[in-house]
Amino acid sequence: MLSRLGALGVAALLAGAIAPASASAAPGSGDRAPTVEEQRLDRAAPREILRRSGFDGLAPELARALGKARSYDQARRLVVREGGELWRRAVDRAQGRGPARGDLSRDDDRPLYWARLGMARELRQWEPKRFSLGEEQRARLIGALERTSRGQDSVRFPGSDRGPGKGQRAEGHRVKRILVTGFDPFTLDRDVRISNPSGATALALDGTTIRTAEGPARIEAVTFPVRWQDFTDGAVERALRPYLPRVDLFTTISQGRVGRFDIERTNGAWRGGFPDNDNVSRTETVPVSDPASQPQWTSTTLPYKKIVEAATGRFPVYDNTSVTEIPAGGGAPVVRPGGPTEGSTARAGGGGDYLSNEIAYRATLLRDRLGLRDRLPGGHVHTPVLQFGAENTDPATGAVTDPEFVRNRLDIIAQVRGILRVAASES
């Protein structure tokens, strides 16, 4: 996930980024026109990604099935089923199960993203013939698609067939439980071909087991949209609250700087306004419940020293302590390399002032409000920027994939797995 622009050294990533357009209505607002995000489906690269992954038929299949629905309840069951199947199909593809149905690398996260948007657009424009559909009902259908196709209702830890449960024992060890999150691709108006390594990591690791020094650990993953409004509406808290009391480790993951991993030490309560995937900007204090008790800063409880010291992969890993604050008493924002000072007001966490910082802030604030800070390791991992090969950098003429692009994504996924192995061994 893109962080604070200059400070995270990704200006090159955003070269040529367009100014925010007038955004179409947010999902569920009553506007039946496709959102800005959905309108990108008509570009050549998304169509090619869908075709070359075999995901191009999923939106039309949903449209045909909806045409047979005789009631809202029937339509909702259909959407829940098809959304869940989309997530399972993407996870299976990423983990090598079943046919690839195309020549794109299996680790690619983009088919899931574009197929979900296609299905959402079908729902937004659907006119039932057998019953009336109110806009609030339509919004609930789109919300059900979002949750199910992001794995948010299919987290399964050992010891439970439904939702969170107690860990089982395997080979003399209790099975630890790890929850991770990823993001959709973003900055798509700069380059619509973009993939997000955090989303690819979520697909690759969901439901897998890693071996740690303390025994096996089961990983479950969910993903989130790159949209301010979803976060304002509490999407992060709804998805994570059922599981944080029952996991042994969690980390939110997003894309950060070129050529490096960062373990973000501190998260700030500030939105810096960079446009989201609907080209909507927000510049404000992060809106949360009970704002009267809202802290300006939250901190990681991941074992960052051990992670930084470990040999987890080819990219260097840093303990990032820098923040931007307004000092107590006011004044201009100041960069503090060693972290925030007492009484200061947040203007950027270590992970910046975009949605990567915000998901880390929300997840760690939820940890603290649940009374888990002293016993639950959790925080944020920023991955390297996923780059195309040197001969494939022009969005106007470049291919949707290349060997270096795939190698970089696979190496990032493998290194996240290594980081989780170290973190779980220390938890």
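Here is what the cut-offs are and how they apply
- Residues numbered from 1 in each chain as written.
- Predicted model: local features only at pLDDT ≥ 70, side-chain atom pairs only at ≥ 80, totals over all residues.
- Heavy atoms only, no water.
- Helix = DSSP H or I, 4+ residues; strand = E, 2+ residues; numbered from the N terminus.
- Buried < 20%, exposed > 50% of the residue type's maximum accessible area, 1.4 Å probe, protein only.
- Contact = heavy atoms within 4.5 Å.
- Areas by Shrake-Rupley, 256 points an atom, 1.4 Å probe, with all protein chains shown as cover.
- Axes fitted to C-alpha atoms, helices over the stretch in contact; angles between N-to-C directions.
- Left-handed = near helix turned anticlockwise from the far one by under 90°.
- Nonpolar A, V, L, I, M, F, W, Y, C, P; charged D, E, K, R; others polar.
- Pairing = 2+ DSSP bridges.
- Expected span 1.5 Å × (residues − 1).
- Phe/Tyr/Trp six-rings, centres within 6.5 Å; stacked < 30°, edge-to-face > 60°.
- Lys NZ or Arg CZ within 6 Å of the ring centre and 35° of its normal.

Participant: In this structure, what is going on with the overall build of the chain? I would like to understand it.
Facilitator: Scanning the chain from terminus to terminus reveals 12 helices and 16 strands. Residue burial in the chain is summarised as follows: out of 427 residues, 58% are buried. Long-range pairs, those at least 24 residues apart, make up 76% of the contacts in the chain between residues at least 6 apart in sequence. Counting only carbon and sulfur atoms, one obtains 48% of the accessible surface of the chain, whose full area is about 16,900 Å².

Participant: Mind showing me how you'd approach the packing of helix α7 (residues 197-205) against helix α12 (residues 403-426) here?
Facilitator: The packing of two helices is summarised by the inter-axis angle and the distance between the axes. The contact between α7 and α12 brings their axes to 9 Å, and the two run at 65°. The element α7 and its partner α12 pack so that their crossing is right-handed. Here Pro 197, Ala 200, Thr 201, Ala 204 and Leu 205 of α7 lie close against α12, whose contacting residues are Arg 409, Ile 412, Ile 413, Val 416, Arg 417 and Leu 420. Of the residues contributing to the contact of α7 with α12, the split by class is eight nonpolar, one polar and two charged.

Participant: Looking at this structure, I do not really get the side chain of Thr 251. What am I missing?
Facilitator: Relative to the helices and strands, Thr 251 is located in strand β6 (residues 249-255). Apart from residues lying up to four places away in sequence, Thr 251 is in contact with Leu 179, Val 180, Thr 181, Leu 302, Gly 379, His 380, Val 381 and Leu 420.

Participant: I would appreciate a short explanation of the pairing of strand β7 (residues 261-264) in the present structure.
Facilitator: Regular strands have side chains that alternate between both faces of the sheet. Residue alternation in β7 divides its side chains into two sets, Phe 261 and Ile 263 and Asp 262 and Glu 264, and both sets are buried. Of the strand pairs in this sheet, β7 and strand β16 (residues 378-383) are connected by three bridges, and their pairing is antiparallel. Counted as the bridge partner of Asp 262 is His 382 from β16.

Participant: I would appreciate a short explanation of the environment of Leu 104 in the present structure.
Facilitator: Looking at the element boundaries, Leu 104 is found in the loop between α4 (72-94) and α5 (110-125). Between the C-alpha atoms of Leu 104 and Asp 402, which are 298 residues apart in sequence, the distance is 9.7 Å. Beyond its immediate stretch of four places on either side in the chain, Leu 104 contacts Ile 49, Arg 52, Ser 53, Arg 93, Arg 110, Pro 111, Val 400 and Thr 401.

Participant: I'm lost on helix α11 (residues 355-369) in this one. Help?
Facilitator: Over its 15 residues, α11 extends 20 Å from the first C-alpha to the last, a length consistent with the 21 Å expected when each residue adds 1.5 Å. Counted residue by residue, α11 has 13 buried out of 15 residues, so it is predominantly covered. Once α11 ends, the next one or two residues include Gly 371, with phi positive near 75°.

Participant: I'm lost on the sheet that holds β7 in this one. Help?
Facilitator: Within a sheet, each strand pairs with its neighbour through backbone hydrogen bonds, oriented either parallel or antiparallel. Spatially, the seven strands line up as an open sheet ordered β4-β5-β3-β6-β16-β7-β12, and their pairing is mixed. Whereas interior strands pair on both sides, the edge strands pair on one side only; in this sheet they are β4 (209-212) and β12 (317-320). Going from strand to strand, the sheet's axes swing by 30° on average, the running direction of each strand aside. In this structure, β7 lies alongside β12, joined through four bridges in parallel fashion. Counted as the bridge partner of Phe 261 is Val 317 from β12. This element, α7, spans β3 (176-183), β5 (215-224), β6 and β16 of the sheet and lies at about 145° to β3.

Participant: What is the right way to read the packing of aromatic side chains from this model?
Facilitator: To describe a pair of aromatic rings, you give the distance between the ring centres and the angle between the ring planes. Counted by the stated rule, this structure contains nine aromatic pairs. Taking the centre distance of 6.1 Å and the plane angle of 15° together, the rings of Phe 183 and Phe 231 count as stacked. Placement of the pair is Phe 183 in strand β3 and Phe 231 in helix α8 (residues 228-232), with a sequence separation of 48 residues. Lying over the aromatic face of Phe 55, Arg 89 brings its terminal NZ or CZ to 4.8 Å of the ring centre. Across the ring face of Phe 388, the terminal group of Arg 193 is positioned such that the distance to the ring centre comes to 3.9 Å.

Participant: I'm lost on the sheet that holds strand β13 (residues 323-326) in this one. Help?
Facilitator: If you trace the three strands from one edge of the open sheet to the other, you get β14-β13-β15, paired in antiparallel fashion. Edge positions in the sheet fall to β14 (334-336) and β15 (345-348), since each has one partner strand and no second. The mean angle between the axes of side-by-side strands here comes to 45°, regardless of whether they run parallel or antiparallel. With three bridges joining them, β13 and β14 adopt antiparallel strand pairing. Bridge pairing in β14 links Thr 324 to Val 335.

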